[in-house]
Amino acid sequence: MLHYDAQVAGRAAWGDRILRVVDHVQAHLDDELQPEDLAQRAGLSLHHFHRVFRGLTGESVMGFVRRLRLERAAQRLRFGDRPVTEVAFGSGYGSHEAFTRAFRSRFGQSPSDYRSTARVALGSTPAVEFREQPAKRCLARRHVGPYQDCGQAWDALMDKGGVLAAQLRQGEGFGLCYDDPEVTPASRLRYDACLALPESLGEVPCPDGCVFRTVPGGRYAVTTHAGSFDTIFETYVGFIGRSLPFAGVELTNDPIVEIYLAEPTTTPPDDLLTEICVRLA
């Protein structure tokens, strides 16, 4: 049985509360999100919630909400054909003018100019498979920063996970990718290193710095990237930017799931296989 002192567990609990809010915002960007409701979800008074959220994330809670909505709008402009006004209303803005001001402040150009300059050049279109995937409960470690540094999260997961991580070492490893590196600042990119928990596992304490989370089941669009992680973004662009727009599907706000079919630390980069999975609405 793993042992954790009360002080360490207490610090982890604060982070868990804010992570619950971050996950809720990510999944409900189309809903009306009020600070009072988010504070209640964190189990904190509104007075303390603002300070705790800013202290742990570096952003105000509503600044975080606005940033995610604007970054999603940028993705829709870049990959889709929705009118700018529709994208504006879908981002929570009551007018085209207000959206344009906010978008220009964030990206340095108007939505229309961004669409014309950020359009993805035509290229290969990856094959897509549609399949039902069960929900996955996992042990996760959050990384915030450049995606190329996410190996730090895996090292910490194995280290902090202790006995539990060692038991899962041979299990399924996958990553949750929340942000687009061409839209979100590198310092704010979010990634979760995850190890699947076997259904037979009973109640166990959560290691310090980690969380238990469940990746929702449902219908997923899946493609496979063959080769180094250095070129995986090209597959993302072809998959989400060229294949799915013609598939007649709608995407959820869930993070993208990367399933690692080959052990990254022992497999030559050119031989890596990674499934990229997007949950459908």
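Our subject is the structure that appears above.
Residues numbered from 1 in each chain as written. Predicted model: local features only at pLDDT ≥ 70, side-chain atom pairs only at ≥ 80, totals over all residues. Heavy atoms only, no water.

A short note on the overall build of the protein
Threshold: A run of DSSP states H or I qualifies as a helix once it reaches four residues; a run of E qualifies as a strand once it reaches two. Both are numbered from the N-terminal end. Exposed residues in this analysis have more than 50% of their type's maximum accessible area, buried residues have under 20%, and partly exposed residues fall in between, with area computed by a 1.4 Å probe over protein chains only. Note on contacts: a residue pair qualifies if any of its non-hydrogen atoms lie within 4.5 Å across the two residues. Per-residue and other accessible areas were derived by the Shrake-Rupley procedure at a 1.4 Å probe size, with only the shown protein chains allowed to occlude residues.
The helix and strand inventory of the protein stands at ten helices and eight strands. Within the protein, the proportion of its 281 residues that are buried is 46%. Long-range pairs, those at least 24 residues apart, make up 72% of the contacts in the protein with a sequence separation of at least 6. As displayed, the protein has an accessible area near 14400 Å², and 52% of this comes from carbon and sulfur atoms.

Topic: the sheet that holds strand β3 (residues 173-177)
Rules: Only strands that DSSP links by at least two bridges are regarded as paired with each other. For helices, the fitted line uses only the C-alpha atoms of the stretch in contact; every axis is such a line through C-alpha atoms, and the angle between N-to-C directions lies from 0 to 180 degrees.
In spatial order, the strands read β1-β6-β8-β7-β3-β4-β2-β5; together these eight strands make up an open sheet with antiparallel pairing. On the outer flanks of this sheet lie β1 (129-133) and β5 (211-215), each paired with one strand and no other. Within the sheet, the average angular offset between the axes of one strand and its neighbour, ignoring direction, is 35°. Sheet topology places β3 next to strand β4 (residues 190-196); five bridges connect them, and they run antiparallel.

Some words on the packing of helix α2 (residues 35-42) against helix α3 (residues 46-57)
We apply this condition: Here the word oblique covers every angle except those under 35 degrees (roughly parallel), over 145 (roughly antiparallel) and from 65 to 115 (roughly perpendicular). Under the convention adopted here, Pro, Cys and the residues Ala, Val, Leu, Ile, Met, Phe, Trp and Tyr are nonpolar, Asp, Glu, Lys and Arg are charged, and Gly plus all remaining residues are polar.
Close contact between α2 and α3 brings their axes to 9 Å; oriented N to C, the two are set at 80°. The angle between α2 and α3 falls in the class roughly perpendicular. On the side of α2, the interface is formed by P35, E36, L38, A39 and A42, while α3 contributes L46, F49 and H50. Residues belonging to the contact of α2 with α3 are distributed by class as follows: six nonpolar, one polar and one charged.

A word on the packing of aromatic side chains
Inclusion rule: Note on aromatic pairs: the rings of Phe, Tyr and Trp (six-membered ring only in Trp) are paired at centre separations within 6.5 Å, and the planes decide the class, stacked below 30 degrees, edge-to-face beyond 60, tilted for the rest.
On inspection of all chains with the given rule, the structure shows ten aromatic pairs. Taking 6.5 Å as the distance between ring centres and 70° as the angle between the ring planes, the aromatic pair formed by Y147 and Y191 counts as edge-to-face. Of this pair, Y147 sits in the loop between β2 (136-144) and α8 (151-160) while Y191 sits in strand β4, placing them 44 residues apart in sequence. Among the residues examined, Y191 registers a relative accessible area of 2% and is labelled buried. Their ring planes at 75° and their centres at 6.2 Å tell us that W154 and Y260 sit as a pair that is edge-to-face. In this pair, W154 is assigned in helix α8 and Y260 in strand β7 (residues 256-260), connecting sequence segments 106 residues apart.

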